[in-house]
Every structure is written in structure tokens, then in C-alpha cells.
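Residues per chain are reported as follows:
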Amino acid sequence: MGIGELDREAHVPEVTGAAAPRTLAEALRARGDEGLAALLRARPDLLNPVPNDLTQLATRAGTRGSVVRALERLDRFALQAAEALAVAPDPAPYPLLLSLLTGDEGDPGIEAALPGTVGLLREQALVWGDDDRLRLVRTARELLAPSPQHPSPTGLGPTVAEATSGMSPGRVQEIIAAAGLPPTHDPVSAVALLTGLFTDRARMGALLDTAPPEALTVLDRLVWGPPYGEVTSSPAPPVRWLRDRGLLLPVSARTMVLPREVALHLRGGRAHRTPEPYAPEIGVERDYRPQVVDSAAAGQAQLAVATAEELLKSWDRGGPQVLRAGGMAVRDLRRVAVALDVPEETAAFWLELCLGAGLLASDGEADERYAPTPAYDAWLDLPPAERWARLVAPWLTATRTAGLVGGQDAKGRTLSVLGPDLDRAPAPEVRHRVLVLLATLPPGAAADQGTLLARLRWERPLRGAAPAGADEVQRPGGAPTDLRSRLARWTLAEAELLGLTGRGALSGPARALLNLPLAEAAPADGDGGGVELSVAAGRAATLLAPLLPETVDEVLLQADLTAVAPGPLRRPLADALAVLADVESKGGATVYRFTPGSVRRALDAGRSASDLHEFLRAHSRTPVPQPLSYLVDDVARRHGHLRVGAASAYVRCDDDAVLGEILADRRSAALGLRRLAPTVLAAQTDPASLLDGLRSMGYAPAAESTAGDVLVTRADTYRTGPRKAPVPVPDGPPSPDATLLGAAVRVIRAGDRAATAVRKEPAASPTAPGALPRTSAAETLATVQAAAMTGSAVWIGYVNAEGAASQRVIAPVRVEGGFVTGYDHTADEVRTYPLHRITGVAELADDQV
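Each chain has its residues counted from 1, following the order in which its sequence is written. For a predicted model such as this one, the threshold for reporting local features is a pLDDT of at least 70, and the threshold for listing and counting side-chain atom pairs is 80 or more; totals across whole chains, interfaces and linings nevertheless cover every residue. Excluded from the side-chain calculation are hydrogens and water; included are all heavy atoms of the structure.

A.B. asks: Quick question: what am I supposed to make of the overall build of the protein chain here?
C.D. replies: Put simply, DSSP marks the helices as runs of H or I at least four residues long and the strands as runs of E at least two long, and each gets a number from the N terminus on. Per the secondary structure count, the protein chain includes 35 helices and 25 strands. Here the C-alpha coordinates of the protein chain stretch approximately 120 × 90 × 55 Å along the principal axes. Exposure is judged per residue with a 1.4 Å probe applied to protein chains only, and the accessible area is read against the type maximum: over 50% gives exposed, under 20% gives buried, and values in between give partly exposed. Across the 849 residues in the protein chain, those meeting the buried criterion constitute 48%. Contacts in the protein chain between residues at least 24 apart in sequence constitute 66% of all its contacts with a sequence separation of at least 6. Surface exposure here means Shrake-Rupley accessible area, sampled with a 1.4 Å probe, where a residue is shielded only by the protein chains that are shown. Total accessible area on the protein chain is roughly 39600 Å²; 54% of this is exposed by carbon and sulfur atoms. Across the protein chain, 88 positive and 102 negative side-chain charges occur, with their mean positions spaced 3 Å apart. Contacts: residue pairs with any heavy atoms within 4.5 Å of one another. Neither His nor the chain ends contribute to the count of charged residues, in which Lys and Arg are positive and Asp and Glu negative. Note on charges: their place is set at NZ of Lys, CZ of Arg, CG of Asp or CD of Glu.

In C-alpha cells form, the structure reads like this:
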């Protein structure tokens, strides 16, 4: 038995001793406070705003938007039960609903699951009434009942009465005569006779025994839907035989339909071909030892932190420009993918991850571009496990979906990374659900993706069947699939990239992040108790920390101008080495390469040659190789020999022969150089371009300030202003907590008691039902004073400052200064009302509050 079934067993129909309810409002009125709270918890949209009374709650529960939202959250069997009620008579007894789901042969599994499902539908106010008179709310029936425009998933067509509603009485008489029924001159009784024939198993069986074999073949093609078929103006004899006896009824001149009663007989009474009372089990693709899973996940978590750091460090001086429509250009995404050595889809995920964690944003300048935020510097100071937690916690709740990047929206526009229109409200719920389902498997078990997706489709079949559109973006050349399944597949891939799973199985830190038990037993369905995500992320980081490798403070320098880091480097060493050398390869051991450009970069950052030699000696396990020492000294000797400043730009050098060499070099033509003095050249380009041009020619110029001092450039000088991470787009109203539910139930109960109280109409000025009471100012004052003295409740009409009129039941306690103060039973609180805004007052026929 799966999670959905265990959940459903907890919902049992409410049993009351009162008379059968006639309306949904009466059914809600018969519930206890727990029943009302359960409804509001399951359908939180009904709380915005809090209904005044139960009649208003019932009306709101029957609106189209609210019913659609509730139907979308039903599992497959609950939806099948609702669809069966939609094709049953209204009202329908419980045995009829059961027979529509089990058929003539019966099904013990369905018989066991259906009571809980009916209780669930009752709890959500989609079904009401006692078991002998089950009613589907009208809006749900309109949405689920078969029609030519909206076929039912049951594959059933209209009833005989619906299909013959526009048929002439003479044609109806011909049909009942051909079917061997007694003639009648009443069209209603004729249709009833035909319906009775089709629902009588014995007589219907006898009629079909006389049918030609070809006619039965036609029925077999229509029985499970769609029930409509086209015919010519001169149909074949088998079709004519079926048409003459009403087994096929005309919808138009060229279309016939199989009546619902006939289809149900051919199906053995079953409304669905395959009822699914229980959720499909999730298969196990492969088993691993939990230690192997945690080790693999920890290695990937370490790589995730390193990748995010590498990405943002490469944008320390400012990243790519922001497109006018928002987002990043495709060519810039390709550069990021090349720099990280990952596919473009994975590069888009890392960019969106950094954006969601608040580490990356646009700078908001006129020439807007992306850059790290100040939060990035604080993030770098955290231990590796906490940095990982700061990445995965926002990912779990983010609605931005990196998998959509590169696809097209409903208008055919390409979706760009970091751009708009990437939010999908169901994403957090799908991510959480996928990880929770993985947690139901034994520790170390990797789920079979096909069965996992089947389980998700069973849990939310309507959401999984949404047509392509704004929420159904397709990649070019890709097969169209539903958004929920695509979100699930992206979740599995992204969880592996983040180290939440290892080799496809959920890791221990991921269980802590979801606030799930770490024991062998599978967790129950739910969110694990509602602990704050930040607290759960801290627990996950605590579990991950021992699994991560120890940081090292030494490297192995080699004679080929490379350095090998045998593990993750401590931050001061990692930052300094990232400036002094370029990363050549990554993995368990990172390889750095020293080049003239990387050494010059360190000198530009303010380091001297002696500083670099001391740094290398202090952090190398081996002696510093001679080629590396020579490289540092050679670059340092030439560094700053040329000075570039802003005139618009100039070059100065104490050695005029060097300047002559530059002028003679044809590669300098684009810089527009000319000699101003023996040691100064002027350029027709900006200082940054001049620096880049001279460096490409093999020189090592240094930038200088207006005072002639060498400018020291640091890689971490550019940051955006303070930025907040993107706010997730809510998927409907949030689930109410116990305090809000309790207060809402009290308000609704109080309002309902006030609204249903029996009032005594003033004899002098009778009012229409529902109208505000009307009395003179003197009568109003006298009545409320008398009520305050006797402690009784009265009915008042009140118009507020905005002109909105309402009726209230109050118990006055004090009348003075032109105001009446009393306990308002409608609002369930003490309020004060100006007497001049009270239109009238009337006594209650019986004090019921």
C-alpha cells in the first residue's frame, strides 16, 4: 500500500444524526470544527478573504476557479471516482458509484479504497450528501461530465435522454418499435422505455444476440471511446441495424454517438477501462551501500561548491552584459559552458543556482551587466559544508527552472538564462515530492525513473495532462511531454549535480535537508514536521561536513611550470594561487599552470617578485623548481617598464629605444601611437585597450594613476549593490497554520449563527427578506438601550464609511455619546458602531446566539 492510500484511509465520511442535507451549505453546517478546518486546510484559496458564514463558504467552494484548483490536486483514483459520479444520475447512491468503478465482477481493492476516497472528496467539499444521495458539486459535474467539446476520460457519451432531446417524436417511436418495445405516444415515456431496455442486462443481452457480427465490431470500436463516429449519407447495413434500434443515435447528419447506457452494458458496468485504486510502486534500479551513496554525494557536493565559486570568481571584474529583454546572451552562456567544461544546459543550471542563492545579480548601472553580490564575499568565508547548504536550500524552494532555458514560450520567443519567464509555480512542490519519494526507498536504493514518473502522474493526473502552452515549453526537436514530468526529470539530474543524491540514491544530508528520519524505516508522507528550512539546512551541513575531504595548505610544484593541489585548498592559498596561476585541470587533484600572463596578473595585484618567491617556498612541499623562479624573475624585470596612463591614453618609458621598437611594430598601428617626447607616446585609444594591445604584443606594461603611481588591480573589487535573491512565485495561497485555521473557523461559525438567526420584523415597516431593517432614530436608540439593559441580542442594519451595507447581530453593552458598543456575533468580537450609521434595528424572534 502506497503513501497516497495511507493518506486516504485517514479520511472517513462524517456521520451525523441530523436529517439529510439539501444543499452544500447545510452539509457544511453539519460538520464539526475539525471538518471545517480540514476543508480550509485542503483548499486554502477559500480563506482569502475569510468567508462571512457557511453559505458564503459553500458558494465560494463551488466557483469554477476553486473547483479546478481542487480537482488538480486529486490523485488518479479520487479523480476517477469524481468522473464516475459525473456520469451517474444526480444524486447517486454509494452502491451505484461502487458498481461504476468495479463493474459486474467486483474488485476487492476498489471496494476497500473507495470509502476513504469518498471521504476525501467529501472533506474537500467536492462531494456532499449521505451515502444514499451522493452529489458532485455542480461546477465539478460541468467540468467532468462528457460533452462533444470536452470528452470525458471515461470515454462515455451522452445518455439516451440527452442524445434524443432534439429528435422528433416520430423518429423515437420508430426506434422503440425496431427495438421490440411497446408503442407510446408520450416522448418522455418512450425515452424511458428505451433507457430501461439498455440498462436491463438480460433484455439488452438478448437484443445484442440478434445483432450481425459486423455490428458488434462497430460497437467494439466505440465502446471505450471516443464514442463518436462519422457515417456516410447511406451507412452500411451493420450501422443501419444499430441506428434503427437506437444503439447508435445521430448527433448530426454525418455523426453518430454510442449512448452511455449501451457503452456501460458492453463494458460490464465499468466507467473506466483501468481503475487505479492504489499508487504504483516505485521500482529500484540498483542498490548501493549507504556509505557509497554518501561518499559519492559528498564528492559531488564539493564539486558543486567549487563550480559556483569558479563561476563567480571569473566575473569578479564584471560579467557579461544584460540583454535589453533581460537575461544573458547565448554566446555568453557558451563562454561560461566552455570555462566550466560542462554542457550549456548544465552551465545554465549553475547560473540560475547562483542567482537563486543571491550570489549573482545585475549591477543596475546604465551599461548593465552581471556581477557577484556582496553576499558572495560572506559566502566565501563560510566552511564548505555551510556553503553547500546555502546553495541547496534556495534551490529546493525556487520556482525559476533552468531546464526551460533554450526552449520557447507560448509566443515562440527563446527563453534565456537569468531572464524572465523562467518561473514555474509547481517546481518546488515537484522537487520536494521527488526527493520524498526517493526517501521511501531503502537507504542506498536508486529509483527506476519510469516508475517514479508514473507515481507522480498518478498523484496529480490533471496537472500532468496539461496541454502545451505557457507552462509547456518544448525544446526544438524534442517530444512534447507534460511539465510535471519534465520538472521531475530535471530534479533528478540537478539533485545529482548538487550532491543531494549519489548514484541516483538519496543521501543522508539530503534526508536532513528534507527533515526526514535518517533511520532505516521509510518516512511517512508529508514534509517531515514543518521545521524551518534554514534549521534543516544546518543539520544537513553538519552531516555533510565529516564526509568532505580535509582542506590542505600545500601544493606540489613541478618543473614543467605546474602545481598540483592534492585536495581542496584553504581559502587564502586558493585565492592567491588563483591569481598567480591558471587552472589547467580539475578533479580530485587540481592542476595549476604558471604562465607569463598569470605571473603578470599577480604583479598587477600588488605582489613583488620577492613576495611571490616567498609565497611559493612557504606553500610547496617540494623545492621551488628553477624554471618557475626564472619565470617569476623574468616577468618581474619587465613588469612596469612601460607605464600606461590616461591622457586619453599615453605610454611612457625611460628607455626611448623600447618606444621606438613599439612604433616600428606593425601590430601597434591599430593603437594610433605617436611620439610626444623621447620617453612618451600618445595613443588614440583608452588605457584599458592600450594595456591589452601592448600585452598582446608581448610587453608587460603597468597602469598608473594621474599622480604617476602604479595602479594595483585586485580581482574582487567589483560587486553589485546589495541584492535580494529572486522571490519564488507562489503556487496558489499558502497552507494556513493551526492558529489561522482556528480563528477562521470561529469567525465563520459566529457569522453563520448570526446569519441564520430568526429575526422579528418591525410591524410598522415590514421589510423584504434579506433587506436591512428600517427604524427611526428614536426607535433605534430606544431598542438598543433596552437590549443593553436586558443583555439580549438585536438585529441591526449598518452602513460603513465606504457606503457598504451589511446586517449584523449584536449584543449591546453600552450606549453613550452617539455610539453603541456591543459584542458582534457576526465578527465574533466587541465593536463600537455610530448610531447615525445604523439604518434600523429589530429584535430576534428567539435568542439563538
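Structure shown, so let's carry the discussion forward.
A.B. asks: Explain unusual backbone geometry to me, please; I cannot follow it from the model alone.
C.D. replies: Working note: non-glycine residues mostly have negative phi, and peptide bonds are mostly trans. Here the bond from Asp90 into Pro91 is cis, since omega is 0 degrees, no more than 30 degrees from zero. One can find Pro91 in the loop between α6 (76–87) and α7 (94–102). A cis amide bond links Gly225 to the next residue, Pro226, at an omega of -5 degrees. For Pro226, the position within the fold is in the loop between α14 (213–222) and β3 (228–230). Its identity is not glycine, yet Ala125 carries a phi of approximately 60 degrees, on the positive side. The residue Ala125 is located in the loop between α8 (108–123) and β1 (127–128) in this model.

A.B. asks: Can you walk me through the sheet that holds strand β5 (residues 255–257) in this structure?
C.D. replies: What links the strands of a sheet is backbone hydrogen bonding, and the strands pair in either a parallel or an antiparallel sense. Strand pairing requires that DSSP identify at least two bridges connecting the strands. With respect to topology, 3 strands assemble into an open sheet ordered β3-β5-β4, the strand pairing being antiparallel. A strand with exactly one partner marks an edge of an open sheet, and here the two such strands are β3 and β4 (249–250). Judged from the 2 bridges that link them, β4 and β5 form a sheet pairing that is antiparallel. By the bridge assignment, Pro250 is partnered in β5 with Met256.

A.B. asks: So what exactly am I meant to see when it comes to empty space enclosed by the protein here?
C.D. replies: If a probe as big as a water molecule is rolled over the atoms, it shows which places are left empty. Each cavity reported here is a set of points on a 1 Å grid over the protein atoms alone in which a 1.4 Å probe fits but cannot get out, each pocket an open set with protein on both sides within 12 Å along at least five of seven lines, and each lining residue one with an atom within 4 Å of a point. Grid points are joined across faces, edges and corners, and a volume is the space filled by probe spheres set on the points. Summed over the entire model, instances satisfying the criterion amount to 3 cavities of 30 Å³ or more. Its boundaries defined by the atoms lining it, the largest cavity holds a volume of some 110 Å³. For the largest cavity, the lining is made up of 13 residues, of which Glu352, Leu353, Trp395, Ala398 and Arg400 are closest to its centre. In terms of residues, the lining of the largest cavity owes the most to one element, helix α19 (residues 344–356), which gives 4 residues. We call Asp, Glu, Lys and Arg charged. Ala, Val, Leu, Ile, Met, Phe, Trp, Tyr, Cys and Pro are nonpolar, and the rest, Gly among them, are polar. Residue classes in the lining of the largest cavity are distributed as 7 nonpolar, 2 polar and 4 charged.

A.B. asks: Where do I start with the packing of helix α22 (residues 427–439) against helix α25 (residues 483–498) in this structure?
C.D. replies: The description of two packed helices rests on the angle between their axes and on the distance between the axes. For helices, the fitted line uses only the C-alpha atoms of the stretch in contact; every axis is such a line through C-alpha atoms, and the angle between N-to-C directions lies from 0 to 180 degrees. At their nearest, the axes of α22 and α25 sit 9 Å apart, and the two run at 60 degrees to each other. By the criterion of interaxial angle, the relationship of α22 to α25 is oblique. Crossing geometry of α22 relative to α25 is assigned as right-handed. Between α22 and α25, the contacting residues are Ala427, Glu429, Val430, Arg431, Val434, Leu435 and Leu438 on the first element and Arg484, Leu487, Ala488, Thr491, Leu492, Glu494 and Ala495 on the second. With respect to orientation, any angle under 35 degrees is reported as roughly parallel, any angle over 145 as roughly antiparallel, any angle of 65 to 115 as roughly perpendicular, and every other angle as oblique. Two helices that cross are described as forming a left-handed crossing if the nearer one is turned anticlockwise from the farther one by less than a right angle, and a right-handed crossing if clockwise.

A.B. asks: Would you mind showing me how to read the environment of Glu309 here?
C.D. replies: In this structure, Glu309 sits in helix α17 (residues 290–313). Considered as a pair, Glu309 and Ala778 are 469 residues apart in the sequence and their alpha carbons are 78 Å apart. Ignoring anything within four residues of it in the chain, the contact list for Glu309 reads Tyr376, Trp379, Leu380, Arg387 and Asp575.

A.B. asks: Is there a simple way to think about the pattern of salt bridges in this case?
C.D. replies: When charged atoms on two side chains of opposite charge get close, those side chains can pair. A side-chain nitrogen of Lys or Arg and a carboxyl oxygen of Asp or Glu constitute a salt bridge if their distance falls within 4 Å. A complete count under the given rule lists 37 salt bridges for this structure. Among the salt bridges present, the one from Glu459 reaches Arg433, with a minimum N-O distance of 2.7 Å. Of this pair, Glu459 sits in helix α23 (residues 449–459) while Arg433 sits in helix α22, and the two are 26 residues apart along the sequence. Looking at Glu459, the relative accessible area reads 7%, which means it is buried.

A.B. asks: Just to check I follow, could you spell out the confidence of the model for the protein chain for this structure?
C.D. replies: One rule of thumb: low pLDDT means the predicted coordinates there are not for detailed reading. Every residue is assigned a pLDDT by the predictor, reflecting its confidence on a scale from 0 to 100. Taken over all residues, the pLDDT of the protein chain has a mean of 85, while the share at 70 or more is 90%. Confidence over residues 466–480 falls short of pLDDT 50; this stretch has 31 contacts with residues more than four positions distant or in other chains. Predicted confidence for residues 763–767 stays below pLDDT 50, and this span has 5 contacts to residues more than four positions away or in other chains.

A.B. asks: Which parts of the structure should I look at to understand the nonpolar core?
C.D. replies: Leu40, Leu57, Leu114, Leu194, Phe198 and Leu247 are the most contacted members of the largest nonpolar core, which has 91 residues in total. With 9 residues, α6 is the single largest residue contributor to this core. We call a set of buried residues a nonpolar core when its members are Ala, Val, Leu, Ile, Met, Phe, Trp, Tyr or Cys and they connect through side-chain atoms within 4.5 Å of each other. Grouped together as the second largest cluster of nonpolar side chains are 79 residues, Leu351, Leu452, Leu483 and Ala540 included.

A.B. asks: Mind showing me how you'd approach the packing of α23 against α25 here?
C.D. replies: Packing of α23 against α25 leaves a shortest axis separation of 10 Å and a crossing angle of 140 degrees. Comparing their axes, α25 and α23 come out oblique. Between α23 and α25 lies a crossing whose hand is right-handed. Contacts from Gln449, Leu452, Leu453, Leu456, Arg457 and Glu459 of α23 reach α25 at Arg484, Ser485, Ala488, Arg489 and Leu492. Of the residues contributing to the contact of α23 with α25, the split by class is 5 nonpolar, 2 polar and 4 charged.

A.B. asks: Would you mind showing me how to read the sheet that holds strand β21 (residues 794–799) here?
C.D. replies: The antiparallel open sheet is built from 5 strands, whose spatial order is β24-β23-β22-β21-β25. One side of each edge strand has no neighbouring strand; the edge strands of this open sheet are β24 (829–834) and β25 (838–843). Between one strand and the next, the sheet's axes are offset by a mean angle of 45 degrees, whatever the strand orientation. Note: strand β22 (residues 805–816) against strand β23 (residues 819–824), 6 bridges, orientation antiparallel. By the bridge assignment, Glu816 is partnered in β23 with Phe819.

A.B. asks: It is not clear to me how the packing of aromatic side chains should be interpreted in this structure. Could you clarify?
C.D. replies: Within a pair of aromatic rings, the relevant descriptors are the distance that separates the centres and the angle that separates the planes. Under the pairing criterion, centres of Phe, Tyr and Trp rings, with the six-membered ring standing for Trp, must be within 6.5 Å; the plane angle then separates stacked pairs below 30 degrees from edge-to-face pairs above 60, leaving the rest tilted. Going through the model one piece at a time under the given rule, you end up with 3 aromatic pairs. For the pair Tyr798 and Tyr833, a centre-to-centre distance of 4.7 Å together with 65 degrees between the ring planes defines the contact as edge-to-face. Taken together, the positions of Tyr798 in strand β21 and Tyr833 in strand β24 put the pair 35 residues apart, joining distant regions of the chain. Exposure remark for Tyr798: the relative accessible area of 11% places this residue in the buried category. For Tyr833, a relative accessible area of 4% gives the class buried. Comment: the charge-over-ring label is applied if NZ (Lys) or CZ (Arg) is within 6 Å of the ring centre and within 35 degrees of the ring normal. Above the plane of the ring of Trp379 lies Arg387, whose end atom (NZ or CZ) is 5.3 Å from the centre. The side chain of Arg607 reaches across the aromatic face of Phe615, ending 5.5 Å from its centre.

A.B. asks: For this particular structure, what's the right way to read helix α27 (residues 533–544)?
C.D. replies: Along an α-helix, a turn takes 3.6 residues, which lines up residues three or four apart on a common side. With 12 residues, α27 extends 16 Å from end C-alpha to end C-alpha; this agrees with the ideal 16 Å at 1.5 Å per step. Within the sequence span of α27, burial applies to Ala536, Ala537, Ala540, Ala541 and Leu544. The buried residues of α27 occupy an angular sector of 145 degrees when the element is viewed end-on, so they sit on one face. One less than the number of residues in a helix, times 1.5 Å, gives the span that helix is expected to have. Directions from the helix axis toward the C-beta atoms define the arc.

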